[in-house]
Amino acid sequence: MTKQVKSRQRVADHGEVFTADREVNAMLDLVKQETERVDSRFLEPACGDGNFLAEILRRKLVAAKRRAIPPRKKKPLPLEFEKQSVIAVASIYGVDLMMDNVLACRERLYNIWNEEYEAVCKKEVNEDCREAVRFILSRNIVCGNALSLKEVDENGNDTEEPIVFSEWSFVMGTRMQRKDYRFDKLLAGEYEASTNAKKKKKKSVEVEYQQMSLMPMLEDKPSDEGEFLTSYVADYRRIQDYGK
Ligand SMILES: C[S@@+](CC[C@H](N)C(=O)[O-])C[C@H]1O[C@@H](n2cnc3c(N)ncnc32)[C@H](O)[C@@H]1O
């Protein structure tokens, strides 16, 4: 059972009360199918140290293992599991105001991934892939203010920098593409789309839970040039070598 409160001060300052495992599971079960899809995207705007995101990752990794099993076989292929598990990690996003929570969340997700990675891939584990996953987590779990949509400094105060999220996708074999988008523009686009449902057919899966929606995030193509910032393509094990 995870501790739900770290200190009274943090509860008073930031409303920091962590959700217990039982509630996490019950809430995720409301969108069970999506939590069990390797590539469905989840964003938690006040992720804390990742109670929801950790469970989502665990579920996705079970699905990744299943997907990596060839027909008429019982065991997942290590390389295929590696790719599937990278997709699983790369589809999980979080924002939190407090850096200690952000760091704890990244570490927690990394450890969940790495434990499964070692269990499945054994001697075939690869240091570059580990670095790639750390890098993806450093971009996906952001220290920011989910209300102002700005990054925050070490004191939790807004900076001028907008929150930017990356969309990760395999484009060919082992090539992975990273496309960066401003979060505020993504949300503005989503708002427009939701007020005019016919405007565009959505391709990304949308999932909601908790008080705020897990934002439907990224579409296959930038819907508006203004929100799309930049894009990189590299082998998925070397994605950390491109951009910061
Ligand atoms: C109630 S806790 C929930 C943590 C986690 N979602 C859970 O259920 O265990 C709220 C978290 O939101 C963060 N927080 C509060 N205001 C925020 C804001 N404006 N933007 C991002 N995070 C915020 C706090 O730092 C805290 O970690």
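Please read these numbers as outputs of a predicted model, since none were measured by experiment. (Residues numbered from 1 in each chain as written. Predicted model: local features only at pLDDT ≥ 70, side-chain atom pairs only at ≥ 80, totals over all residues. Heavy atoms only, no water.)

J.: Before we move on, can you summarise the overall build of the protein with the specific residues and values?
T.: From N to C terminus, the protein includes 8 helices and 10 strands. The buried share among the 244 residues of the protein stands at 46%. Long-range pairs, those at least 24 residues apart, make up 69% of the contacts in the protein with a sequence separation of at least 6. Surface exposure of the protein reaches about 13,000 Å², of which carbon and sulfur atoms provide 50%. (Helix = DSSP H or I, 4+ residues; strand = E, 2+ residues; numbered from the N terminus. Buried < 20%, exposed > 50% of the residue type's maximum accessible area, 1.4 Å probe, protein only. Contact = heavy atoms within 4.5 Å. Areas by Shrake-Rupley, 256 points an atom, 1.4 Å probe, with all protein chains shown as cover.)

J.: Could you give an account of the pattern of salt bridges, with specific residues and numbers?
T.: What the rule picks out here adds up to 20 salt bridges. One salt bridge connects R59 with D29, and the closest N-O pair in it is separated by 2.9 Å. With R59 in helix α4 (residues 51–67) and D29 in helix α2 (residues 21–29), the pair connects residues that are 30 residues apart, well separated along the chain. Owing to a relative accessible area of 10%, R59 belongs among the buried residues under this scheme. Put simply, D39 and R37 hold a salt bridge, and the shortest N to O gap is 3.2 Å. Exposure remark for D39: the relative accessible area of 37% places this residue in the partly exposed category. Note on R37: relative accessible area 30%, which makes it partly exposed. Because the salt bridges share partners, they merge into one network encompassing D29, E55, R58 and R59. (Salt bridge = Lys/Arg side-chain N within 4 Å of Asp/Glu carboxyl O.)

J.: Talk me through the nonpolar core; I want residue IDs and the actual numbers.
T.: Grouped together as the largest cluster of nonpolar side chains are 53 residues, with contacts concentrated most on L57, L109 and W113. Ranked by the residues each element gives to this core, the list is headed by helix α6 (residues 99–121), at 9 residues. Excluding residues within four positions of it along the chain, L57 makes contact with A88, V89, I92, L109, I112 and W113. (Core = buried A, V, L, I, M, F, W, Y, C linked by side-chain atoms within 4.5 Å.)

J.: Residues and numbers for α6, please.
T.: A rise of 1.5 Å per residue sets the reference length of α6, with its 23 residues, at 33 Å; its end C-alpha atoms lie 32 Å apart and thus fit the reference within 8%. When we look at burial in α6, the residues that qualify are N101, V102, C105, R106, L109, Y110, I112, W113, N114, Y117, V120 and C121. At its buried positions, α6 is contacted by α1 (8–14), α4, α5 (78–90), β2 (92–96), α7 (127–140) and β3 (141–145). Immediately beyond the C-terminal end of α6, within one or two residues, lies K122, with a positive phi of roughly 45 degrees. (Expected span 1.5 Å × (residues − 1).)

J.: Now, about the environment of Y181: what can you tell me, with residues and values included?
T.: In this fold, Y181 is placed in strand β7 (residues 175–182). For the pair formed by Y181 and E167, sequence separation is 14 residues and the distance between their alpha carbons is 7.8 Å.

J.: Explain the site of the ligand to me, and be specific about the residues and the numbers.
T.: Within the structure, the ligand sits among 22 residues, and G15, T19, E44, A46 and D96 are positioned closest to it. At a separation of 2.4 Å, an oxygen atom of the ligand approaches a polar side-chain atom of T19. Between a nitrogen atom of the ligand and a side-chain N or O atom of E44, the distance comes to 2.6 Å. Here the ligand, which alone exposes 590 Å², has 88% of that area covered by the protein. Every element with two or more residues in the shell around the ligand is listed here: α4 and β3. Along the lines of polarity and charge, the residues of the shell around the ligand split into 10 nonpolar, 9 polar and 3 charged. (Near = heavy atom within 4 Å. Polar contact = N/O pair within 3.5 Å; in protein donor to acceptor, adjacent residues only side chain to side chain. Nonpolar A, V, L, I, M, F, W, Y, C, P; charged D, E, K, R; others polar.)

J.: I'd like a description of the packing of aromatic side chains, backed by residues and values.
T.: Under the counting rule described, the total for this entry stands at 6 aromatic pairs. A ring pair is formed by F135 and W168, whose centres lie 6.2 Å apart and whose planes are at 80 degrees; its orientation type is edge-to-face. Of this pair, F135 sits in helix α7 while W168 is found in strand β6 (residues 164–172), placing the two residues 33 residues apart along the sequence. Clustering of aromatic rings is evident, with ring pairs tying together Y93, F165 and F183. For K83, the ring lying beneath its charged end belongs to F170, and the centroid distance is 4.9 Å. (Phe/Tyr/Trp six-rings, centres within 6.5 Å; stacked < 30°, edge-to-face > 60°. Lys NZ or Arg CZ within 6 Å of the ring centre and 35° of its normal.)

J.: Can you explain the packing of α5 against α6? Please cite residues and give values.
T.: Packing of α5 against α6 leaves a shortest axis separation of 10 Å and a crossing angle of 170 degrees. Overall, the two elements α5 and α6 adopt an arrangement that is roughly antiparallel. Along this stretch, α5 crosses α6, giving a crossing that reads as right-handed. Counted together, P78, F81, E82, S85, V86 and V89 of α5 and W113, E116, Y117, V120 and C121 of α6 form the full contact between these two elements. (Axes fitted to C-alpha atoms, helices over the stretch in contact; angles between N-to-C directions. Parallel < 35°, antiparallel > 145°, perpendicular 65-115°, else oblique. Left-handed = near helix turned anticlockwise from the far one by under 90°.)

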